[in-house]
Every structure is written in C-alpha cells, then in structure tokens.
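Tertiary structure, described
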There are 2 protein chains.
Amino acid sequence: MKSDDRKFAILYSIIRDYIRTAEPVGSRTIEKNYNLGISSATIRNEMADLEDMGLLVQPHASSGRIPSDKAYRMYVNNFMKISDVESYVIENVRTLYDKYVGQLNKAIEATAEILTKLTNLTALVMTPHITQMDIKDIRLIHIEGERALLVIITKQGIVKNAEIRLNSKTDKKQLEKITVFLNMCVDGINNDFEAENFSIAMEALNSQEQRILAEVVAAIKNIYQQDADTKVYASGLTEIFKYPEFKDMEKARKVLETLHKQDMISYLLTEAMDSGINIKIGNENTFEELNDCSVVTATYKLNGRPIGSIGIVGPTRMDYDYCVSVIKAMTKTLDKHLSDTLGGKD
Amino acid sequence: MKSDDRKFAILYSIIRDYIRTAEPVGSRTIEKNYNLGISSATIRNEMADLEDMGLLVQPHASSGRIPSDKAYRMYVNNFMKISDVESYVIENVRTLYDKYVGQLNKAIEATAEILTKLTNLTALVMTPHITQMDIKDIRLIHIEGERALLVIITKQGIVKNAEIRLNSKTDKKQLEKITVFLNMCVDGINNDFEAENFSIAMEALNSQEQRILAEVVAAIKNIYQQDADTKVYASGLTEIFKYPEFKDMEKARKVLETLHKQDMISYLLTEAMDSGINIKIGNENTFEELNDCSVVTATYKLNGRPIGSIGIVGPTRMDYDYCVSVIKAMTKTLDKHLSDTLGGKD
DNA sequence: ATTAGCACTCATTAATGATGAGTGCTAATA
DNA sequence: TATTAGCACTCATCATTAATGAGTGCTAAT
C-alpha cells in the first residue's frame, strides 16, 4: 500500500514539525520543508484523511493541524529512533556521582537535576525501595529513655533507618540482646516472623523483652514492607513555563500544583515499576490534570532487579526520541554507579 | 500635632483596604468606608502629603494610591496588632504533632503544611541545626567493607546520621574500639579535638586505627559543624497564583523559581536566626527577585536556645497582623512539642 | 482649614476593520 | 485515475478607535 506509506510520511513530518515549533502545521509548510515530492493540495487531501483517522486535530476551521495523542502513540511505537547520548555527557555524570559516593539520596537527587538540565523538563526520582531485598543486618541503637534508632542493612548494601519509640524505657543492653535475636531470624521478616527460629528463640526472652521485640518488629514491618523511608524528589518544576502550550496561566497552575504533590510523584513513578521504559501520552495518564502532558519513566536496577524509578514530565509534544534516549542513558549510568558503589551479590 | 494623627489614620485605612482588596485605594473609598469625619477632598490633600513622604504610591496619574514598602514598615512597627490564634486550631496542631513523635523531620514538614493551610501562603521550614548543641554520644556502625554509618546523638536528644566511606576496609571490632575512644573526648569536638584526653588516648590506637579515626573526625566535623544533615522544605509554592498581583506570569515565574532553590530557602531561614520574629518587606529583601514579597520568619527553640526557623513568604500586602500571630503561635506550639518529646536538659 | 465643583488623566473595555495563514472544493491536467 | 492549480472562504490575531468611569489636582466658595 504505497498510499499508506505516504500518509505516514506526512504524519511523521507534521509531528516532527510540531514538536519543534509548537505551531499548527499547514500543508504548505510540509511541502516546502520536507521533500515529499507532492504538492500542498495533495498533502491537504491526505491530511483530511489523517484527521478522519483520528491522528490529526484542527484547533479551528482554517488553521493547520496538530497531532493527536493517538498520533504520538503511533509515533512512539513505530517511528521513534533512540540514539546514544554523547559520551562526554555521560562522563560528566559519572564524575558527579563520584562526589556522592555514600550519599545515595544525594546521588538520586542529582540525577533529577541532570535530567532537567538535559531535557529542559520536570524530572521525578525516587530513592530505592527495599521491599524486594533481603535483609542482612538489623541494628538497634539506644538513644535515651524509650527512644531507639532502627537501622536496616540489606544484602545489596542499602541502608535505611528510622527512630522508633517504645512504650517503656529500655537500655543499651536490652536492645543488644534483642538485636542479636532479631538477626538470628531476619529471614522470617517476609513471612511475618513465622519461621521456626522465631518461636524457639522467643522463649529465651523475658516478658518485657518480648513486648519490646513486638514493637520493634512492627517498626521493621513499617519501614521494610511499607518502605516508609522511600523518598521522592522533583526538579525543574518551573521548566513548564518555557513551553508556549502552557502560557495559559490556569493550565500551568493545574499541572504545577499536581506535580507538587509527593504522593502524585510517588504514584507516577510506582505505576510502571516493572515495565522498563514506560511512556504515558496525554489522556493515557490516569490523572486528568496531566492530560496535556506526557510522562516517561524508567526503572533503575541493582543486581538486575528494579529497585526504583526515575522519570520526566513535559508537554505531549516533547521530543520523545531525545527524551527516551536520555532517560535510557541515565538509568544505565545510575545502574552502573550503584553496582560499583553498593555491590553485594544477590 | 492633630494633623499627623489624621494622616496616619488615613494611611492605616488605606493599608487595611489595600491588604483586603489588592486594588488601589481612592479618596472616596476611604470617605465612605472608614468614618474619619472628613471629606474626600481633604483626604485627597492628605494623600498627596503622604505620597510626598514616600508612604503612598500612585500606579498612574489618575488612579488611587497603594502603600509603599516604607508604609508597610511603619505599619508593622507601629500599628500591627498581634492576637491569639483560636485554641481549637492549636489543639489540632498538637494532635497532629503527636502522630509524628519520633519523626522529627516529618513534624517539621507538617509545620510547613499547617502554615500554608492557615495563611494561604508559601511556607518555609528547616530541620534543627545541631551546631550549637553538645554531643552526648557518637556511634559507628559497620555496614560492609569500608562503609560505616555515623550516628550523632546530642544532649538535647536530636539524632543525625550519615554514611561515611573510609579509605580502607574495616570491621565491627575496630569501629567499636574507635567509638569508645571517640566518646571519651566528645567534648573536644568544638575545638578540633585538641583536648588533653585526645592525645593521651591516641597512643592507645595503632596506626591504621589512627588513620580511620582521622577520617571519622573529618566526617563528624562535616555533619556537625557544617551541619550537612540540615534539611529545608517548602510547602504551598503554588499559593502565589491566588494573588492578583502575580497574575503577570513572568512575575510569578520569577518568584516561584527563586523559592524552588534549596539554598535560597536556607538563606532566608538562616539570615535572621537570632532575632526572634523577623520581617523583611519588599525591597528590604536581599534578593531582587523577592522585592514584591514579604518574608516573615521566626526561630523555634529547644531548652531556650534557637535551633531552627520557620517562615512564610507572600505578597507585600499580606495580612501582617494575622501572619505574625500565626507564626508566633506555631513556634510556640512547636517549642512545646520539642521540649515534651525530646527533653534533655542543657 | 475644609469642602464643593469641575476639568483632566488614564486604564479598561468593546467594537471595527485589515491582515494573513490555511483550508476545502472544483476544474484542469498528466 | 491521481495530482495539482486556482479560488472563495474561514477565522485567529492585531491595531485602531471610541466610550466609560474611577480618581485626581486645582480653584473658588464657605
């Protein structure tokens, strides 16, 4: 079907042009700037067809066309070309990461800033989830009175910590005893400490210690299973002002307000955790407030397992080729950094 | 001088009116709505005087007047009335704080959100500085290889922690030995560990231990003296869109961009750390980008010592009476919460 | 010293018309 | 039969103009 090829060549041209200019694209523009060897009149006819197919939209009767969300989806699935990011850029990122060895959260934050700098878009990142990881070591540090610091170290070398409050005073010795006990059965955490070791060793503790243990276990579940210590960051929230489609204050405000919510960021980054690179275009987004935006997310890994994700948010006419290339390169670089600095085999 | 009293009564009325409406105030408005017993013509004459004194500004020749920054300064210094915040509000805040016992950072974040909710303004907060505090306890926890978690507990019960990387591998035993040693001379931290104890005990360590110790001390200085673990949060960044003076996109963008910078928040909150309540009006702000805003900050305390600060940012025509009342009430409530949950006498 | 009266200023809004980019349709063409 | 040239038509955008009205400064009367 020669005719179809031509249609999509026109569609492709229109999309590329609109991504670049943010202006509705007319038939003469295509004729002049893209050498398709056909006249504007023919292009007009094809454009009318493409509109019937739901791939183009006309803002008003006598204007050029803009691509629909469906068109972007087709573009992303069939026409998008991913390329390598220049190596000196990656080199700079590596150098930056080296400055944050031992400050995982800072490195993740820096990742957001780099994404923004490279794409001129809002970037979202989340710190690693530990839910899927195996615990290597649990420590309890007595602060004073009934306060203690709980530290969880995973086999992958990720460290999480949180202060916990017990119902009664305790001391260093008591916590040490419980710590030893806890580490004897860390394997039981995923199945509610039902492991054999648990009930056996339980008898070695007196009743007060058992009570404290129960509270500690609750805290561990909170931080480990709910992953209460996972944090999200956004950078470049004001980048949106650079784009003419958001020159309407009300539109910009709506998106901005949405992206300021922690749980929204969390949702966007968690939604597509297991699908590698994920792209949500315009109305594909669950939340109506983001129907004029596209969200590109990707997971980063440790020892081959996804442990967190990063993403960018921009207008639906974002440069998908470039953005996806960048986000791929960044996750790859981050993966490398994590395996270099955290190590720990599965 | 009866004449001066009248002038300032007019000025006061104009400020109150402008704070409420954001519209330039004309002489007839004052005559009708504020019973000053004088005609609009007389008010006009006085207004011309007030303009000569630099207290009023006329946006254009035939418009009403708006207060100058100088007028707000006079208002804040002389006319402002601080009142109590309704007790049920405080009660709600207390209840909320109770949910975050043991999660100091969360409580501070919640404070920002409450400030935003109460004032409809952007709120800024910072977590406690520990620079002025005395260290009670230092712990080193071995993670794996050359990685360790440093935990600092102050006498005031504040806990800070950071991962550190040593230049060579270590183990649990070695770190325990160093920990014992460190705690013997925690008092020396403020004067570079020059204390007598330090050099004496130093001899008890072998050369590798001494090397590790030096690295740990450097890390402690970083987290303790530079207070590398102090965090800042902003909430309600999009509140600015509610105010007509920022309906100009460019203006709003500038302020928004400025308030998104961590170090800007840090600067604003640190600038006036020792002066209790601090109010910066319009061009009194160090940064040109905030010349259309006012910033109200206040310090919160532990055992009578300021350890951090909170603040709000809004248009210069903010309701100073109410805002200052709210921020006073909030610091007081936060102070109480901290002393209740952290305790620890000086 | 105060106020009524009036001419004047200027932002805001609505109405009007010109411009131009871009279309759809028709008839001519290869 | 597919393509293209030609043309009437649509509609957003922009500049111009005029009307409106809030508010002032100044002068003369009280």
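Cut-off values and rules
Residues numbered from 1 in each chain as written. Chains lettered and ligands numbered in written order. Predicted model: local features only at pLDDT ≥ 70, side-chain atom pairs only at ≥ 80, totals over all residues. Heavy atoms only, no water. Helix = DSSP H or I, 4+ residues; strand = E, 2+ residues; numbered from the N terminus. Buried < 20%, exposed > 50% of the residue type's maximum accessible area, 1.4 Å probe, protein only. Areas by Shrake-Rupley, 256 points an atom, 1.4 Å probe, with all protein chains shown as cover. Lys, Arg positive; Asp, Glu negative; His and termini not counted. Charge placed at Lys NZ, Arg CZ, Asp CG, Glu CD. Salt bridge = Lys/Arg side-chain N within 4 Å of Asp/Glu carboxyl O. Near = heavy atom within 4 Å. Polar contact = N/O pair within 3.5 Å; in protein donor to acceptor, adjacent residues only side chain to side chain. Least-squares fit on C-alpha atoms with pLDDT ≥ 70 in both. Contact = heavy atoms within 4.5 Å. Nonpolar A, V, L, I, M, F, W, Y, C, P; charged D, E, K, R; others polar. Core = buried A, V, L, I, M, F, W, Y, C linked by side-chain atoms within 4.5 Å. Axes fitted to C-alpha atoms, helices over the stretch in contact; angles between N-to-C directions. Left-handed = near helix turned anticlockwise from the far one by under 90°. Pairing = 2+ DSSP bridges.

Counting its secondary structure elements, chain A contains twelve helices and ten strands. Over its C-alpha atoms, taken along the principal directions, chain A stretches across nearly 90 × 40 × 35 Å. For chain A, the residues scored as buried account for 53% of the 346 residues in total. Here chain A has roughly 15,800 Å² of accessible surface; of this, 48% comes from carbon and sulfur atoms. Charged side chains of chain A number 43 positive and 49 negative; the gap between the two group centres comes to 4 Å.

Further remarks concern the pattern of salt bridges. Summed over all chains, the structure comprises 44 salt bridges over all chains. Among the ionic pairs, K242 of chain A bridges to E239 of chain A, the shortest N-O distance being 2.6 Å. Here R253 of chain B and E250 of chain B are joined by a salt bridge, their closest N and O atoms 2.3 Å apart. Of this pair, R253 of chain B and E250 of chain B both sit in helix α10 (residues 249–259), three residues apart, which is roughly one turn of the helix. Residues participating in the shared-partner salt-bridge network are R6, K7, E46 and D49 of chain A.

This part takes up the protein's contact with DNA strand D. Around DNA strand D, 19 residues are found, and the nearest of them are R6, T42 and S62 of chain A together with S27 and R65 of chain B. Restricting attention to atoms of DNA strand D within 4 Å of the protein, one finds that 75% of them are sugar or phosphate atoms. Between DNA strand D and R44 of chain A, the relevant distance is 3.3 Å, taken from a base oxygen to a side-chain nitrogen or oxygen of the residue. The separation between a phosphate oxygen of DNA strand D and a polar side-chain atom of S27 of chain B is 2.6 Å.

Right, let's get into the relation of the copies chain A and chain B. Between the two copies, chain A and chain B, the superposition gives an RMSD of 0.1 Å; the rotation angle is 180 degrees and the shift along the axis is 0.0 Å. Each copy turns onto its partner about a two-fold axis. Scanning chain A for the C-alpha nearest the rotation axis identifies M249 of chain A, at a separation of 3.4 Å. Interface overlap between copies is the fraction of interface residues in one copy that are interface residues in the other; for chain A against chain B it reaches 100%, indicating a shared surface.

This part is about the protein's contact with DNA strand C. Close contacts around DNA strand C come from 19 residues, with S27 and R65 of chain A together with R6, T42 and S62 of chain B the closest. Each atom of DNA strand C within 4 Å of the protein belongs either to a base or to sugar and phosphate, the latter forming 77%. A distance of 2.5 Å separates a phosphate oxygen of DNA strand C from a polar side-chain atom of T42 of chain B. It is helix α3 (residues 40–52) of chain B that contributes the most residues to the surface near DNA strand C, four residues altogether. Each residue belonging to the surface near DNA strand C can be placed in one class, and the counts come to four nonpolar, eleven polar and four charged.

The next thing to look at is the nonpolar core. In terms of nonpolar packing, the biggest core is built from 207 residues, with L150, L182 and Y320 of chain A together with L150, L182 and Y320 of chain B touching the most fellow members. Grouped together as the second largest cluster of nonpolar side chains are twelve residues, L149 and V151 of chain A together with I141 and I153 of chain B included.

Residues and elements named next belong to chain A. Where helix α5 (residues 87–99) meets helix α12 (residues 320–341), the axes come as close as 11 Å, and the angle between the chain directions of the two elements is 40 degrees. Pair α5 / α12 crosses with right-handed handedness. On the side of α5, the interface is formed by I90, V93, R94 and Y97, while α12 contributes A329, M330, T333, L334 and H337. Taken together, the residues that form the contact of α5 with α12 break down as six nonpolar, two polar and one charged.

Residue and element names in this part refer to chain B. Within strand β9 (residues 293–302), nine of the ten residues are buried, leaving the element largely enclosed by the surrounding structure. Inspection of the sheet shows strand β8 (residues 278–281) paired to β9 by four bridges, in the antiparallel sense. Counterpart to K280 in the pairing with β9 is V295. Taking the residues between adjacent antiparallel strands as the criterion, β9 and strand β10 (residues 305–315) are bridged by two residues, where N303 takes a positive phi near 55 degrees.

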